[in-house]
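Structural features, examined
Spelled out, the chains give:
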Amino acid sequence: MRQYQPVGFQQRSLTTNLGQMVYSVPDPSFYPPANSEAVPLVFLHSLGGGSSAYEWSKVYPSFAGTHQVIAPDLIGWGDSAHPKIRYEPADYLNLIKLLLKQVAASPAWVVASSLTAALTIRLAIQEPQLFQGLFLVSPSGYRDFREDYRQQTSSQLVSLPGLDRLIYAVGAANEWAVRNFLEQFLFADSSRLSQEIVSAYLASALKPNAEYAALASLRGDLCFDLAEYMGQLTVPTILVWGSQSRFSPSQQGKRLADLNPNVIQGFHIVSRTGVLPHLENPASVTGLLSSYLATVKS
C-alpha cells in the first residue's frame, strides 16, 4: 500500500480483465533510471491474509539502481482491485503473464514466495521465454506429494457458507489476529516483528472485499501438487527456505529440488527464520539474491 511504500518508489497501474493492478517502480527523480538494457526484476508476494507488495519492501529497494524493479499488489490484495469472484489458479497465471508481457516487456528475473512462487513455476513451464531466472522462497502448491492442505480443519471450516466471513473477520481482519498469525505461524523470532509490519498486513486485510482472495487461499481453491510440475521446469531456478518454515518445511523443499537437479541451481536455507525470511532477515535474502543475479547463467 502507498503509505507503506519505500521511499523513492511510485505507484502505477495495469488494466486487467479483473480490474486495475497496482505496482510499484522506482521514482526516476529519486533513483537514476536503470540502464535500458537492465534486466527486469519482478517481486511477487504470497497469497495469504494481509499480503501485498509490502512483503518484499525491505529487499527490492536495493536493486532499484541496477534493475527494472517491479513490485505489484496482485489482484485481490493491497491497493489493487478486489473483485467479488471465486479465484482460481488460472486467474493468477494470467495476471502474472500479463504483467511480464506488458510491464517487464523482456525476459525477467522473478522473485516470488509460497503459493505464488509455485504458480510462477507453472507459468515458467508454459511461457519460458518470459523468464530469465527464478528466485523462489518456499514455493508450495500445498498439495505437494499428495499431502492435501484441503483436508485440514481450517480449510474445511472456511468452506462453509456464512462461517467463512465470520472466520475472516475474527481471525484475519483485526490487529490482534494479524499479530498473532505473524508471531505464531510466519515468523521464527517474534522480536523481529515490528508494528509497521503488523500495520501493513492489517491495512491490506481491511481493504473492501479483501476476504474474497484470502478465503480462496484459505479454502484451498488455489492449491495443486507442485511435485507434478517440477520436472518440466527449464528456467534456471534458485530455492530459498526459512529454516523454521512451518507450512512448507525445508525437507519438503529439498524433495522438490531433487525432482529437477539440473535446473535448480541453488538451494539455500536462511537460519532462524520462518515462512517470510525476506521480512524477518531481509539483509540475508538481499545478499543471496544479489549473488545469484550475478552468477546464475541461463
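Only a predicted model underlies this, so the values are computations on that prediction, with no experimental measurement involved.

Turning next to helix 9 (residues 250-258). If you check which residues of helix 9 are buried, you get Ser-250, Gln-252, Gly-253, Leu-256 and Ala-257. Angularly, the buried residues of helix 9 cover 155° about the axis, an arc narrow enough to put them on a single face. Looking at the packing, one finds that the buried side of helix 9 touches helix 8 (227-230), strand 7 (237-242) and strand 8 (264-270).

Turning to the pairing of strand 7, a few remarks are in order. With respect to burial, strand 7 is a largely interior element, 6 of its 6 residues being buried. Neither face of strand 7 is left uncovered, since the one carrying Thr-237, Leu-239 and Trp-241 and the one carrying Ile-238, Val-240 and Gly-242 both have all their residues buried. In terms of strand pairing, strand 6 (residues 131-137) meets strand 7 through 4 bridges, oriented parallel. Within strand 7, the position partnered with Val-137 by the bridge is Val-240. Assessed by its sense of winding, the connection that carries the chain from strand 7 through helix 9 to strand 8 is right-handed.

Next up on the list: the sheet that holds strand 7. Strand order in the open sheet made by the 8 strands is 1-2-4-3-5-6-7-8, with mixed pairing throughout. Edge positions in the sheet fall to strand 1 (9-16) and strand 8, since each of these pairs with one other strand and no more. Strand-to-strand, the axes of this sheet are offset by a mean angle of 20°, without reference to chain direction. As judged from the 2 bridges shared by strand 2 (residues 19-26) and strand 4 (residues 68-72), these two strands associate in the antiparallel manner.

On to the packing of helix 1 (residues 89-104) against helix 2 (residues 114-126), then. Remark: helix 1 packs on helix 2, axes separated minimally by 10 Å, with the N-to-C direction vectors making an angle of 65°. Overall, the two elements helix 1 and helix 2 adopt an arrangement that is roughly perpendicular. For helix 1 against helix 2, the interelement crossing comes out right-handed. Mapping the contact onto sequence places Pro-89, Tyr-92, Leu-93, Ile-96, Lys-97 and Leu-100 in helix 1 and Thr-116, Leu-119, Thr-120, Arg-122, Leu-123 and Gln-126 in helix 2. Here the residues of the contact of helix 1 with helix 2 sort into 7 nonpolar, 3 polar and 2 charged.

Here helix 6 (residues 195-205) lies mainly inside the structure; 8 of its 11 residues are buried. Regarding helix 6, the residues found buried are Ile-197, Val-198, Ala-200, Tyr-201, Leu-202, Ala-203, Ser-204 and Ala-205.

Attention now goes to the side chain of Thr-273. Structurally, Thr-273 is set in the loop between strand 8 and helix 10 (277-280). In contact with Thr-273, other than residues within four places in its own chain, are Ala-188, Arg-192, Gly-242, Ser-243, Gln-244, Ser-245, Glu-280 and Asn-281.

With that settled, the discussion passes to the pattern of salt bridges. Considering all chains together, one arrives at 8 salt bridges under this definition. Linked by salt bridges that have partners in common, Arg-86, Arg-219 and Asp-221 make up one network.

Right, let's get into unusual backbone geometry. Residues other than glycine seldom take positive phi values, yet Ser-114 does so here, at roughly 55°. As for its placement among the helices and strands, Ser-114 is situated in helix 2. At Asn-209, a residue that is not glycine, the phi angle is positive and equals roughly 70°. Turning to its location among the elements, Asn-209 is positioned in the loop between helix 6 and helix 7 (210-219).

For the rest of this paragraph, the subject is the packing of aromatic side chains. Any pair of aromatic rings gets described here by the distance separating the centres and the angle formed by the planes. By the definition in use, this model includes 14 aromatic pairs. Considering the side-chain rings of Phe-43 and Phe-63, the 6.5 Å spacing of their centres and the 40° angle between planes classify their relative orientation as tilted. With Phe-43 in strand 3 (residues 40-44) and Phe-63 in the loop between strand 3 and strand 4, the pair connects residues that are 20 residues apart, well separated along the chain. Classification of Phe-43 as buried rests on a relative accessible area of 1%. The positively charged end of Arg-122 is found above the aromatic ring belonging to Phe-224, 4.6 Å away from the centroid. Stacked on the ring of Phe-145, the Lys or Arg Arg-255 has its end atom at 3.7 Å from the ring centre.

Each value, and the rule that gives it
- Residues numbered from 1 in each chain as written.
- Predicted model: local features only at pLDDT ≥ 70, side-chain atom pairs only at ≥ 80, totals over all residues.
- Heavy atoms only, no water.
- Buried < 20%, exposed > 50% of the residue type's maximum accessible area, 1.4 Å probe, protein only.
- Helix = DSSP H or I, 4+ residues; strand = E, 2+ residues; numbered from the N terminus.
- Arc of directions from axis to C-beta.
- Contact = heavy atoms within 4.5 Å.
- Pairing = 2+ DSSP bridges.
- Right-handed = clockwise from strand over helix to strand, strands pointing away.
- Axes fitted to C-alpha atoms, helices over the stretch in contact; angles between N-to-C directions.
- Parallel < 35°, antiparallel > 145°, perpendicular 65-115°, else oblique.
- Left-handed = near helix turned anticlockwise from the far one by under 90°.
- Nonpolar A, V, L, I, M, F, W, Y, C, P; charged D, E, K, R; others polar.
- Salt bridge = Lys/Arg side-chain N within 4 Å of Asp/Glu carboxyl O.
- Phe/Tyr/Trp six-rings, centres within 6.5 Å; stacked < 30°, edge-to-face > 60°.
- Lys NZ or Arg CZ within 6 Å of the ring centre and 35° of its normal.

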